[in-house]
Amino acid sequence: MDEATRSIEVTKRARIAGDYDVVVCGGGAAGFISAIAAARSGAKTAIVEQYGFFGGMATIGLVTPLSVFTYNREQVIGGIPWEFVERLRKMGGCIVEEPLGNVAFDPELYKLLCQQMMLEAGVEMYMHSYLSGCRVENGRISAVFFENKNGTEAICGDMYVDCTGDGDLAAMAGVPMQTDEYPPMQPMSTYFILGGVDTDSPMIADAMHHNKQGRNCHCIPVREKLLAMKESLGIPEFGGPWFCTTLRPGEVAVNMTRTMGNAIDNRDFTAAECRLREDVFKVARILRENFEEFRNSYVTTVAVHAGIRESRRIKGVHTITGDEYVNACRYPDSISRGAHPVDVHIGAGAEQSLTFLKQAAYVPYRALIAEGFPNLLVAGRCISADKTAFASLRVQASCMGTGQAAGVAAARCAKAGVSVQDADTDGLIRELRNLGAII
Ligand SMILES: Cc1cc2nc3c(=O)[nH]c(=O)nc-3n(C[C@H](O)[C@H](O)[C@H](O)COP(=O)(O)OP(=O)(O)OC[C@H]3O[C@@H](n4cnc5c(N)ncnc54)[C@H](O)[C@@H]3O)c2cc1C
């Protein structure tokens, strides 16, 4: 038997830890908002998250800007996501960059507020719990399994919302994925935070406040000098660079490293994490040695998880096409919006292609569900969209918007005892509008 076909059968019993109306898997931008939305809509709700805090890419990946809640200063994402921003602002944990509408934040306060809002809503949390499987009968998920220090545990729900970013639960349940789930995907990047930066210098202050709609928001002087020296200094692949504020003086969150890889293949992802960590320290040294503003800088934090821009997306009842998206096609079941440009990062080289929208776009409910899976919704970056629509919808405010819709929809379906395909979408839209969603 060759290496690839060697296997061992593993049989386990999982203790059932709880029964819920709604089970949300993954606690990132889409997940924690989805769980709050479901719980506030009256559902007994649980959330399963592999780390000991919530926020997803915002906190595990240090992706410090939330993009974007507004289109040309007009708010397009509202309700619980915006309440989160307002509360974070009151804590001194974020600033809204005008006119772009990006929200820059302190990742530690972000983590704190995520858990506070979920606990207030009555969400039961399973942290440090890695989703490892599910039981499916006739397309209906009856339990999810996860591994933690208690061993293998299970929880049962009426409805499930997959917010793992990578569509892990949907894949485990057997939902068909978009054919373009395979390479080329957008590259991965590991964010890091530098301390000791001259954040008062005009170059850094200007770059940290991404207020130049119509441009790529990267730091042009640093980019041009690095591109000119790339060969001679052996600078690894990089994008941008984009410098973001953590709201702390002297600190800059840096989005610069870049590598290709498949985030849903463990060996490929392991190799990518290692390359990116090496590159963090290489580019930090290059910044220190070549720019006065970084002369006294040092790495304070490297993201605990490489930033994944793209992996699986479900093949939903409806797939949002780039054409529909950029033409702001409005659907009878629109449940959220998107306002970020179509933002494609190229794997090899330092390029990024940005196409600005002429109007804020719409997301139909049918992109959150798959044919034949009556109690599963997805939200966040794994929804059903082609590569073009996805390249805008992948940003965090948009993921929060679909998370909110999926959470409310899951709670309503659980209460009504109907499948996600038979959801009353008019009623859903009314309830979302009452929450403050802008549809
Ligand atoms: C380098 C980079 C730069 C970016 N720049 C921006 C930007 O400027 N502005 C912006 O708004 N967006 C940006 N994004 C995009 C954005 O961060 C993500 O697309 C967004 O966070 C996706 O949200 P999500 O909720 O779908 O998934 P995530 O935020 O990835 O959350 C998924 C959650 O599920 C958990 N999880 C996953 N699998 C499991 C499992 N098996 N078991 C248990 N838990 C699990 C994870 O730990 C995580 O908490 C960027 C992304 C990258 C990588």
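Here the residue numbering is sequential within each chain, running from 1 through the sequence in written order. Per-residue local features are limited, in this predicted model, to residues with pLDDT of at least 70; the limit for side-chain atom pairs, both in listing and counting, is 80 or more; totals at the level of whole chains, interfaces and linings are taken over all residues. For the side-chain quantities, the full set of heavy atoms in the structure was used; hydrogens and water were omitted.

### A short note on the domain arrangement of the protein chain
Working step 1: Each domain's limits were defined by an automated method or a database of domain assignments. Domain boundaries in the protein chain define domain 1 (15–181 + 310–435) and domain 2 (192–302).
Working step 2: Each partner contributes to the interface: domain 1 provides 31 residues, whereas domain 2 provides 29 residues.
Working step 3: Overall, the association of domain 1 and domain 2 removes approximately 2300 Å² of surface from exposure, summing both partners, and the carbon and sulfur fraction of that is 56%.
Working step 4: It is Leu62, Leu100 and Ala350 that lose the most area in domain 1 upon contact with domain 2, and together they represent 22% of the buried surface on that side.
Working step 5: For this analysis, a salt bridge means a side-chain nitrogen from Lys or Arg found within 4 Å of a carboxyl oxygen belonging to Asp or Glu. Remark: the boundary between domain 1 and domain 2 carries two salt bridges.
Working step 6: Here arginine 248 makes a salt bridge to aspartate 106, at a shortest N to O gap of 3.1 Å.
Working step 7: Whenever two N or O atoms come within 3.5 Å, that pair is a polar contact, provided that in protein one can donate a hydrogen and the other can accept it, and provided that, for residues adjacent in sequence, both atoms are side-chain atoms. At the boundary of domain 1 with domain 2, the tally comes to eight residue pairs in polar contact (both at pLDDT 80 or more).
Working step 8: Per the convention used, a helix needs a DSSP run of H or I reaching at least four residues, while a strand needs a run of E reaching at least two, with both numbered from the N terminus. For the side of domain 1 that touches domain 2, the secondary structure elements donating two or more residues are β6 (94–97), β7 (102–105) and β18 (352–355). Here, residues are in contact when the closest pair of their heavy atoms is within 4.5 Å. Note on terms: buried area is the combined drop in 1.4 Å-probe accessible area of two parts once they are placed together, counting the loss on both.

### Regarding the site of the ligand
Working step 1: Any residue with a heavy atom lying within 4 Å of a molecule or strand is counted as near it. Taken together, 34 residues lie near the ligand, and Glu49, Gln50, Ser67, Arg394 and Gln396 sit nearest.
Working step 2: The separation between an oxygen atom of the ligand and a polar main-chain atom of alanine 30 is 3.0 Å.
Working step 3: Between the ligand and arginine 394 there is a distance of 2.5 Å, counted from an oxygen atom to a backbone nitrogen or oxygen.
Working step 4: Accessible surface is estimated by sampling points in the Shrake-Rupley manner with a 1.4 Å probe; for residues, cover comes only from the protein chains shown. Burial of the ligand by the protein chains amounts to 95% of its free accessible area of 1000 Å².
Working step 5: When contributions to the shell around the ligand are tallied by element, the ones reaching two or more residues are α1 (29–40), β3 (65–66), β9 (130–137) and α10 (396–416).
Working step 6: Under the convention adopted here, Pro, Cys and the residues Ala, Val, Leu, Ile, Met, Phe, Trp and Tyr are nonpolar, Asp, Glu, Lys and Arg are charged, and Gly plus all remaining residues are polar. For the shell around the ligand, a count of residues per class yields 15 nonpolar, 14 polar and five charged.

### Brief notes about the pairing of β7
Working step 1: The cut-offs for exposure are 20% and 50% of the maximum accessible area for each residue type, with area from a 1.4 Å probe on protein chains only; residues under the lower value are buried, those over the upper are exposed, and the others partly exposed. Of the two faces of β7, the one holding Asn102 and Ala104 and the one holding Val103 and Phe105 are both buried throughout.
Working step 2: At least two DSSP bridges between two strands are required for those strands to pair. Summarising the sheet, β3 and β7 pair through two bridges and their orientation is antiparallel. Paired with proline 65 across the bridge in β7 is alanine 104.
Working step 3: The sheet contact formed by β6 and β7 spans four bridges and is antiparallel. The residue of β7 that forms the bridge with valine 96 is valine 103.

### Concerning the packing of aromatic side chains
Working step 1: Ring pairs shown here join Phe, Tyr and Trp side chains whose ring centres sit within 6.5 Å, with only the six-membered ring taken for Trp; geometry is labelled stacked below 30 degrees between planes, edge-to-face above 60, and tilted in between. Going through the model one piece at a time under the given rule, you end up with nine aromatic pairs.
Working step 2: Taken together, a centroid distance of 4.6 Å and an interplanar angle of 40° make the contact between phenylalanine 105 and tyrosine 110 tilted. Taken as a pair, phenylalanine 105 and tyrosine 110 share a single burial class, namely buried.
Working step 3: Taking the centre distance of 5.3 Å and the plane angle of 55° together, the rings of phenylalanine 243 and phenylalanine 294 count as tilted. Of this pair, phenylalanine 243 sits in strand β13 (residues 238–245) while phenylalanine 294 sits in the loop between α7 (266–290) and β15 (298–302), and the two are 51 residues apart along the sequence.
Working step 4: The buried category is assigned to phenylalanine 294, whose relative accessible area is 0%.
Working step 5: Seen from the ring of phenylalanine 53, lysine 111 lies directly overhead, with NZ or CZ sitting 4.1 Å from the centre.
Working step 6: Here the guanidinium or amino end of arginine 337 rests over the ring plane of tyrosine 362, the centre of that ring lying 4.0 Å away. Over a ring means this: the NZ of a Lys or the CZ of an Arg is within 6 Å of the ring centre and within 35 degrees of the ring normal.

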